[in-house]
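# An overview of the molecular structure
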Amino acid sequence: MPVYALLGDPDGTNAGQCSAYAAEQINIILARATERQESTPPLEAVMDQLVAPIMYRILFRPDGLGEAHLRTLIDRAATAGGQEG
């Protein structure tokens, strides 16, 4: 498969919008956890450890993306990059 097939659109606008939307939603979730005085991982840790693997699996390898795998990703994200909060 040619590399350009993975690029989406040439200037990255669509990918950037998708990433910004996901980050916005994660920020809302983290803010709510912080309001409850819960520890939260940094946004980039959640994006790298949770969102990116889920998106990859949805797009390229959906088999095995079950609850157990998601819980593992959540646990990794929760402990990645230290805790804030």
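The structure reproduced in this document is the subject of the present report.

## A closer look at the pattern of salt bridges
For the structure shown, the criterion picks out 2 salt bridges. The salt bridge involving arginine 71 is made with glutamate 67; its shortest N-O contact spans 3.1 Å. With arginine 71 and glutamate 67 both in helix H3 (residues 67-79) and 4 residues apart, this pair spans about one turn of that helix. Judged by relative accessible area, glutamate 67 falls into the exposed class, the value being 54%.

## Some points on the side chain of arginine 57
With respect to the helices and strands, arginine 57 occurs in helix H2 (residues 43-60). Here arginine 57 is buried and forms no salt bridge, its nearest opposite-charge partner aspartate 63 lying at an N-O distance of 7.3 Å. Among the polar contacts made by the side chain of arginine 57, one reaches the main-chain carbonyl oxygen of arginine 61 at a distance of 2.7 Å. Dropping the residues within four chain positions of it, arginine 57 is found in contact with Pro62, Asp63, Gly64, Leu65 and His69.

## A few points about the environment of glutamine 49
Tracing the backbone shows glutamine 49 in helix H2. With relative accessibility at 30%, the residue glutamine 49 sits in the partly exposed group. C-alpha of glutamine 49 to C-alpha of leucine 73: the two residues are 24 residues apart in sequence and 6.4 Å apart in space. Excluding residues that lie within four positions of it along the chain, glutamine 49 makes contacts with Leu73, Arg76, Ala77 and Ala80.

## Focus on helix H1 (residues 13-35)
The terminal C-alpha atoms of H1, which comprises 23 residues, lie 33 Å apart, in line with the 33 Å expected from a rise of 1.5 Å per residue. Ala22, Ala23, Ile26, Leu30 and Ala33 are the residues of H1 that are buried. Its buried side turned inward, H1 meets H2. Positioned one or two residues after H1, glutamine 37 has a phi angle of 60 degrees, which is positive.

## Description of the nonpolar core
Across soluble globular proteins, nonpolar side chains show a tendency to be buried alongside one another. Counting 10 residues, the largest nonpolar core is built from Ala22, Ala23, Ile26, Leu30, Val46, Met47, Leu50, Val51, Leu73 and Ala77. Taken together, the elements giving at least two residues each to this core come down to H1, H2 and H3. With residues near it in sequence (within four places) discarded, methionine 47 still touches Ser19, Ala22, Ala23, Ile26, Ala52 and Pro53.

## Quick notes on a nonpolar patch on the surface
Together, Met55, Tyr56, Ile58, Leu59 and Phe60 line one region of the surface with nonpolar side chains, adding up to about 510 Å² of accessible area. Mapped onto the secondary structure, methionine 55 falls in helix H2. With relative accessibility at 36%, the residue methionine 55 sits in the partly exposed group.

The rules behind each value
- Residues numbered from 1 in each chain as written.
- Predicted model: local features only at pLDDT ≥ 70, side-chain atom pairs only at ≥ 80, totals over all residues.
- Heavy atoms only, no water.
- Salt bridge = Lys/Arg side-chain N within 4 Å of Asp/Glu carboxyl O.
- Helix = DSSP H or I, 4+ residues; strand = E, 2+ residues; numbered from the N terminus.
- Buried < 20%, exposed > 50% of the residue type's maximum accessible area, 1.4 Å probe, protein only.
- Lys, Arg positive; Asp, Glu negative; His and termini not counted.
- Polar contact = N/O pair within 3.5 Å; in protein donor to acceptor, adjacent residues only side chain to side chain.
- Contact = heavy atoms within 4.5 Å.
- Expected span 1.5 Å × (residues − 1).
- Core = buried A, V, L, I, M, F, W, Y, C linked by side-chain atoms within 4.5 Å.
- Patch = residues over 30% accessible without salt bridge, like charges linked within 9 Å, V, L, I, M, F, W, Y side chains within 5 Å.
- Areas by Shrake-Rupley, 256 points an atom, 1.4 Å probe, with all protein chains shown as cover.

Without other data, these values stay purely geometric and don't point to any function.
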